[in-house]
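# What the coordinates show
One letter stands for each residue in the lines below.
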Amino acid sequence: MRDLSQWLSSGVLASLGLLAGGLNPTLAADLPPPPAPVIEAPALPSWSFRFVPYGWLIALDGTQTVRGRSAKVDASFADIVRESDTLVALMGDFEARNGPFALLGNVVWTKIGVERGNVRSRSLAPGVTGTLATSLGLDIEMTIAEVGAAYEVYRSGPLAFDILAGARYWHQEADLSLAVAAGVQIGDLAVEGGRAFARSGSVDWLDPLIGARLRYTIAPGHELLLRGDIGGFGVGSDFSWQAIGAYGFELGTYQGITFSGVIGYRALSVDYTQGEGRQRYEFDMLVHGPVLGISAKF
């Protein structure tokens, strides 16, 4: 019995010795190492995309020259709608953003017509009436495509400021009809003149551009955007500038896509010339008007 008590006592003392002095190195080596701490990788910025199909209620103000023949153009959107039977447009804006970096794209395709006329009559003699008629018709098909990149260089609360650079491509085909016709009516007999056409064919050029953009979040789901750029610099056109102001307001989210309404104003001016004499083509024009669209962000 005494031997058993001594054996138990020695075992208890040995256990206490292990607790006090640490595990035996041989036993510790047999234990598995503790698990390594889990370090989560920081989340990388993800891409977001926005597409805006829109309508641009275009007005024209400037000078159009085709085959050396120039015409002053001053037509509001209402004038173009009333006088043109060729009003067609396809327009869209695209942006892909990842953190402070964004890729930009914009396309405008339109086919419009403008017409002006003036008729004067005068009695030349009893029973003889003279008529002088002048008219101008301009039909133009135009494509404007922009590509570029923007980078956010400043942010403070709801305000963000971007710088941007890219290129603007122009394609035009213009028909200019010009008539100065004289007519004489003697009794039931009328004698009248004719009409001349000048066609440009296909005209293309590419303008580099630089600019800046300001984005301001007025409230959740409400954003104000102001953009300005200049381009051309004699590479394509002599000079061009653009100013855009737009306000976006969220309409709702459907299947992960956020829809917003967009209203604003866009003004784009360009001064382009090629050729001399009867081969001269010039488009010195301010294209401007309200913008209405729907934005889809995903």
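Counting restarts for each chain, with residues numbered from 1 along the sequence as it is written. Only residues with pLDDT of at least 70 are given local features in this predicted model, and only at 80 or more are side-chain atom pairs given and counted; all residues enter the totals for whole chains, interfaces and linings. For side-chain calculations, the full set of non-hydrogen atoms in the structure is used, while hydrogens and water are omitted.

### What to know about the confidence of the model for the protein chain
Rule in force here: On a range of 0 to 100, pLDDT expresses the predictor's confidence in each residue. Secondary structure counts use DSSP, requiring at least four H or I residues in a row for a helix and at least two E residues in a row for a strand, with both numbered from the N terminus. The contact criterion used throughout is that any non-hydrogen atoms of two residues lie within 4.5 Å.
Per-residue pLDDT for the protein chain has a mean of 82; in total, 69% of the residues score no lower than 70. The element-level mean pLDDT for the protein chain is lowest in helix 1 (residues 2-21), coming to 46, with strand 11 (residues 222-231) highest at 98. In the predicted structure, residues 12-23 sits below a pLDDT of 50 and forms five contacts with residues beyond four places in sequence or in another chain. Across residues 187-191, confidence stays below pLDDT 50; counting only partners more than four residues off in sequence or on other chains, it has seven contacts.

### Section: the nonpolar core
Threshold: Nonpolar core, defined: a set of buried Ala, Val, Leu, Ile, Met, Phe, Trp, Tyr and Cys residues in which side-chain atoms within 4.5 Å join the residues together. A simple rule labels every residue: compare its accessible area, found with a 1.4 Å probe on the protein chains alone, to the largest value its type can have, and call it buried under 20%, exposed over 50%, or partly exposed in between.
If you look at the biggest cluster of nonpolar residues, it comprises 35 residues, and the most contacted ones within it are Tyr54, Trp56, Leu60, Trp170, Tyr281, Phe283 and Val287. Contacts of phenylalanine 283, omitting those with residues within four sequence positions, involve Thr63, Gln64, Ile140, Met142, Trp170, Gln172, Val270, Asp271 and Tyr272. Among the nonpolar cores identified, the runner-up in size contains five residues, and Ala102, Ala150, Leu164 and Leu209 belong to it.

### Topic: the layout of surface pockets
To keep things clear, this is the line we draw: Grid spacing is 1 Å over the protein atoms alone, the probe is 1.4 Å, and a cavity is where that probe fits but cannot get out, while a pocket is an open set with protein on both sides within 12 Å along at least five of seven lines and lining residues have an atom within 4 Å of a point. Grid points are joined across faces, edges and corners, and a volume is the space filled by probe spheres set on the points. Classification used: nonpolar for Ala, Val, Leu, Ile, Met, Phe, Trp, Tyr, Cys and Pro, charged for Asp, Glu, Lys and Arg, polar for all others including Gly.
Space inside the largest pocket adds up to approximately 990 Å³. As for the largest pocket, its lining consists of 46 residues, and the residues nearest its centre are Arg50, Val52, Glu95, Glu223 and Leu225. It is strand 12 (residues 239-254) that contributes the most residues to the lining of the largest pocket, seven residues altogether. A per-class count over the lining of the largest pocket returns 21 nonpolar, 13 polar and twelve charged.

### What about unusual backbone geometry?
One non-glycine residue with positive phi stands out, namely arginine 67, at about 55 degrees. Its place among the elements puts arginine 67 in the loop between strand 2 (59-66) and strand 3 (69-75). A residue is classified by how much of its surface remains accessible, and arginine 67, at 33% relative accessible area, is partly exposed. You will see that glutamine 255, though not glycine, has its phi angle at about 50 degrees, which is positive. In this structure, glutamine 255 sits in the loop between strand 12 and strand 13 (257-274). Overall, the relative accessible area of 68% leaves glutamine 255 in the exposed class.

### A few points about the side chain of serine 269
If you trace the backbone, serine 269 turns up in strand 13. Excluding residues within four positions of it along the chain, serine 269 makes contact with Phe239, Ser240, Trp241, Met285 and Leu286.

### Digging into the packing of aromatic side chains
What counts is decided by this rule: Note on aromatic contacts: the rings of Phe and Tyr and the six-membered ring of Trp form a pair at centre separations within 6.5 Å, being stacked when their planes are under 30 degrees apart, edge-to-face when over 60 apart, and tilted otherwise. As a reminder, the over-ring test applies to NZ of lysine and CZ of arginine, requiring each to be within 6 Å of the ring centre and within 35 degrees of the ring normal.
A full pass over the atoms with the stated rule returns six aromatic pairs. Relative to tyrosine 272, the ring of tryptophan 205 has its centre 3.8 Å away and its plane inclined at 5 degrees; by these criteria the two rings are stacked. With tryptophan 205 in strand 10 (residues 203-219) and tyrosine 272 in strand 13, this residue pair connects regions lying 67 residues apart in the sequence. An aromatic cluster of at least three residues, connected via ring pairs, comprises Trp170, Trp205, Tyr272 and Phe283. For arginine 266, the ring lying beneath its charged end belongs to tryptophan 56, and the centroid distance is 4.5 Å.

### A look at the environment of leucine 286
Position of leucine 286 among the secondary structure elements: in strand 14 (residues 281-297). Separated by 15 residues in the primary sequence, leucine 286 and aspartate 271 place their C-alpha atoms 8.9 Å from one another. When residues no more than four places from it in sequence are discounted, the contact partners of leucine 286 are Ala59, Leu60, Asp61, Trp241, Ala267, Leu268 and Ser269.

### Looking at the side chain of threonine 143
Along the polypeptide, threonine 143 turns up in strand 6 (residues 128-156). In this structure, threonine 143 is in contact with Val108, Trp109, Tyr169, Trp170 and His171, ignoring residues within four places of it in sequence.

### So, a nonpolar patch on the surface
Applicable threshold: A patch is a set of surface residues, each over 30% in relative accessible area and not in a salt bridge, joined within 9 Å for like charges and within 5 Å for the nonpolar side chains Val, Leu, Ile, Met, Phe, Trp and Tyr. For the area figures, the Shrake-Rupley method with a 1.4 Å probe applies, and any residue is considered shielded solely by the protein chains shown. Salt bridges are defined by distance alone: a side-chain nitrogen of Lys or Arg within 4 Å of a carboxyl oxygen of Asp or Glu.
Judged by side-chain polarity, Trp47, Phe101, Leu103, Tyr151, Val153, Tyr154, Phe161 and Ile163 come together as a nonpolar surface patch covering roughly 740 Å² of accessible area. Only strand 5 (101-125), strand 6 and strand 7 (159-186) provide two or more residues apiece to the nonpolar patch. When residues in the nonpolar patch are grouped by element, the largest group, three residues, is from strand 6. Its relative accessible area of 37% is what places leucine 103 among the partly exposed residues.

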